[in-house]
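Analysis of the macromolecular model
Each chain, written out:
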Amino acid sequence: MKKPEKELTVEQKIKRRTFISFGLFGVYAAGAYGAWRWLYKSAEETAGITAGARRPLRRALNKTELFFRRLTFNENHLVKTYPREMAAKIIRHNSDIGSAGKLPPENWKLQVKKINGETLQISLNELMALPKTEITYDFKCVEGWDQIQHWAGVKFSDFIAHYKLDAEAKLQYVGLETPDKQYYVGIDMPSAMHPQTLLAYQMNDVLLSGNHGQPLRLIIPVKYGIKNLKRIGTMTFSNTRPRDYWAEQGYDYYSGL
Amino acid sequence: MKVIKEKHPLIMRWTHWINFPVLTIMIWSGMLIYWANDVYSVTIFGHTFVRFFPEWFYKTLHIPQRLAEGMAFHFLFMWFFTLNGFFYVLYSIISGEWRYLLPNKHSFKEAWQVLLHDLHIRKTAPPQGKYNAAQRVAYTAIIVMGLGSVITGLAIYKPVQFYWLAWICGGYHLARIWHFVLTIGYVFFFLVHIVQVILAGWNNFRAVISGFEVVEEQPKPAIETNSDDEKA
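Residues numbered from 1 in each chain as written. Chains lettered and ligands numbered in written order. Predicted model: local features only at pLDDT ≥ 70, side-chain atom pairs only at ≥ 80, totals over all residues.

**Details of the overall build of chain A**
The helix and strand tally for chain A stands at 6 helices and 10 strands. Its C-alpha atoms give chain A a radius of gyration of 26 Å, more than 25% over the compact-globule value 18 Å for 257 residues. The principal-axis extent of the C-alpha atoms belonging to chain A is close to 100 × 45 × 35 Å. (Helix = DSSP H or I, 4+ residues; strand = E, 2+ residues; numbered from the N terminus. Rg over C-alpha atoms; globule rule 2.2 N^0.38 Å.)

Structure below.
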């Protein structure tokens, strides 16, 4: 037998609705807190090409990057450039990892490892004989600062064309390392081939000094500073992600702007 | 006689309570990021009034040396912040709730009167609907600020690909400043909001969880059935 429905008084209705809604709110709050604890305490990723981030956060980072890259990356999107005179006179210096001290150009050659096993050895004079490209743009550090700077060197795509590295440029990544292997970056090919990416040897019209990557460094305006490797020793090409100093320390591998 | 009066729709309550922890995480992870280049301060005529942030502040909250971690959290929770805000706005538009929220032509003048009333300078407050004029201005402003955070955030995140957003913000450098100022704005909003909620009392607070308010109503004579009146 079903009991006849008794009309609740207003007081009872208030009590009942308050009880139910606060109960649900409590469940939601506990669930949200639990989810946060789970995320915060989640295990670190297995150290590999990337390391140092919580496993779920690394996955999210990769997926988000890929989403925005597919949505927006376009080699026709150029980094904003500025009049030459707006460039800073004193260029900010942040890190010396892999490029401390001096390395005079005569004691250096760029080692380019081709996919046929051959290694090209290229001197600075040879590079300086190639068409020179200059850029004045806002250099952006992952820390949050930015500075308008003037750089000059060989456009990466010109370099590829001149040394007939077309087969190499069909691979997905370029790997760059300092001569002492202390600092290393991996760059996706579309960003490397971006028309504003330079193998730079001049800063404010003078050859690079010791603490700015003497004698040759990467200037890649579509990436954060961490990818702008100073003092390039070797260049490799691959279809897998080359090792990357800051990606091993919890930063995003792509780090594109 | 006590009467139950529906006040806040379910979706409004959900988005509000989702936003609260999500925005908290966004502000916290934002501080982890900001620490790496903490150059902002309020300096007038060479005198620094506030430095963002003092050492004790960082130490208490364990902020230093966590930039990568901060970015990882920030770039995940930005999705929840944005989508939640998007659903709230969409709902407000479709349901017509925006009518109670958007300031009208009287709101700005009245908001001033509400402020004076709340500060006990003025005795009477202007008549109000679901929200008073000050609330209309504040709750609309906070949505505009949210949109501002998304736009300035995207401009900092991808200043090259979203060059047009960076342009709208006055460039990359300025976008980062706007992004920071908006965050300070949220903290101020939160402080005032909390004080107002406490002052408004239990009935008002309950409504944001249960959806209804209890109001005292004089029983209207019309309720007493008058057999003569067929039109009732």
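**Observations concerning the domain arrangement of chain A**
Where the parts come together, the accessible area they lose is often given as the size of the interface. Domain annotation of chain A identifies domain 1 (9–41) and domain 2 (55–249). For domain 1 of chain A and domain 2 of chain A, the distance between their C-alpha centroids amounts to 53 Å. (Domains from an automatic or database assignment.)

**A closer look at the interface of chain B and chain A**
Contact residues are listed per partner, giving 31 residues for chain B and 33 residues for chain A. Mapped onto the side of chain B that touches chain A, the elements with two or more residues apiece are β1 (2–6), α1 (10–34), α3 (67–95), α8 (172–200), α9 (202–210) and β4 (212–216) of chain B. Counting residues per element, the side of chain B that touches chain A draws most heavily on α3(B), which supplies 7 residues. Of the residues belonging to the side of chain B that touches chain A, the class tally is 21 nonpolar, 5 polar and 5 charged. (Contact = placed C-beta atoms within 7 Å. Nonpolar A, V, L, I, M, F, W, Y, C, P; charged D, E, K, R; others polar.)

**A look at unusual backbone geometry**
Between Gln214(A) and the following residue, Pro215(A), the backbone shows a cis peptide bond with an omega angle of 0 degrees. Its location among the elements puts Pro215(A) in the loop between β8 (206–207) and β9 (217–219). Between Phe52(B) and the following residue, Phe53(B), the backbone shows a cis peptide bond with an omega angle of -5 degrees. Checked against the element boundaries, Phe53(B) lands in the loop between β3 (47–51) and α2 (55–61). The phi dihedral of Gln65(B) is positive, around 65 degrees, even though this residue is not glycine. Note on placement: Gln65(B) falls in the loop between α2 and α3.

**A short note on the nonpolar core**
Residues Leu176(A), Leu198(A), Leu199(A), Ile232(A) and Ala72(B) are the most contacted members of the largest nonpolar core, which totals 63 residues. The biggest single contributor to this core is α3(B), with 9 residues. When neighbours within four sequence positions are excluded, Leu199(A) is seen to be in contact with Leu127(A), Gly153(A), Val154(A), Phe156(A), Phe159(A), Leu216(A), Leu218(A) and Ile232(A). Counting 9 residues, the second largest nonpolar core, distinct from the first, contains Ile156(B), Phe162(B), Ala166(B) and Cys169(B). (Core = buried A, V, L, I, M, F, W, Y, C linked by C-beta atoms within 7 Å. Buried ≥ 20, exposed ≤ 12 C-beta atoms within 10 Å, placed from the backbone.)

**Regarding the confidence of the model for chain B**
Of all residues in chain B, 94% attain a pLDDT of 70 or more, and the chain-wide mean is 89. For this predicted complex, the interface score ipTM comes out at 0.91, alongside a pTM of 0.90. (pLDDT = per-residue confidence, 0-100.)

**Some remarks on the pairing of strand β6 (residues 184–188) of chain A**
Residues and elements named next belong to chain A. Within β6, 4 of the 5 residues are buried, leaving the element largely enclosed by the surrounding structure. Sheet analysis places strand β5 (residues 173–177) next to β6, joined by 5 bridges and oriented antiparallel. Paired with Tyr173 across the strands is Asp188, a residue of β6. A loop of 6 residues connects β5 with β6, the two strands running antiparallel in sequence, and Lys181 in this loop sits at a positive phi of about 65 degrees. (Pairing = 2+ DSSP bridges.)

**Digging into helix α2 (residues 55–72) of chain A**
With 18 residues, α2(A) extends 26 Å from end C-alpha to end C-alpha; this agrees with the ideal 26 Å at 1.5 Å per step. Leu57(A), Arg58(A) and Leu61(A) are the residues of α2(A) that are buried. Each buried residue of α2(A) sits inside an arc of 100 degrees when the element is viewed along its axis, so together they form one side. Every exposed residue of α2(A) that faces more than 90 degrees away from the buried side is listed here: Leu66(A), Phe67(A), Arg70(A) and Leu71(A). Those residues of α2(A) that are buried lie in contact with α3 of chain B. (Expected span 1.5 Å × (residues − 1). Arc of directions from axis to C-beta.)

**Side note on the sheet that holds β6(A)**
Residues and elements named next belong to chain A. The strand order β2-β1-β10-β5-β6 describes an open sheet built from 5 strands, whose pairing is mixed. Two strands bound the open sheet, and with one partner strand each, they are β2 (119–122) and β6. Sheet twist, expressed as the average angle between the axes of neighbouring strands with direction ignored, equals 20 degrees. Here strand β1 (residues 110–113) pairs with β2 via 4 bridges, running antiparallel. Note that in β2 the partner of Lys113 across the bridge is Thr119. (Axes fitted to C-alpha atoms, helices over the stretch in contact; angles between N-to-C directions.)

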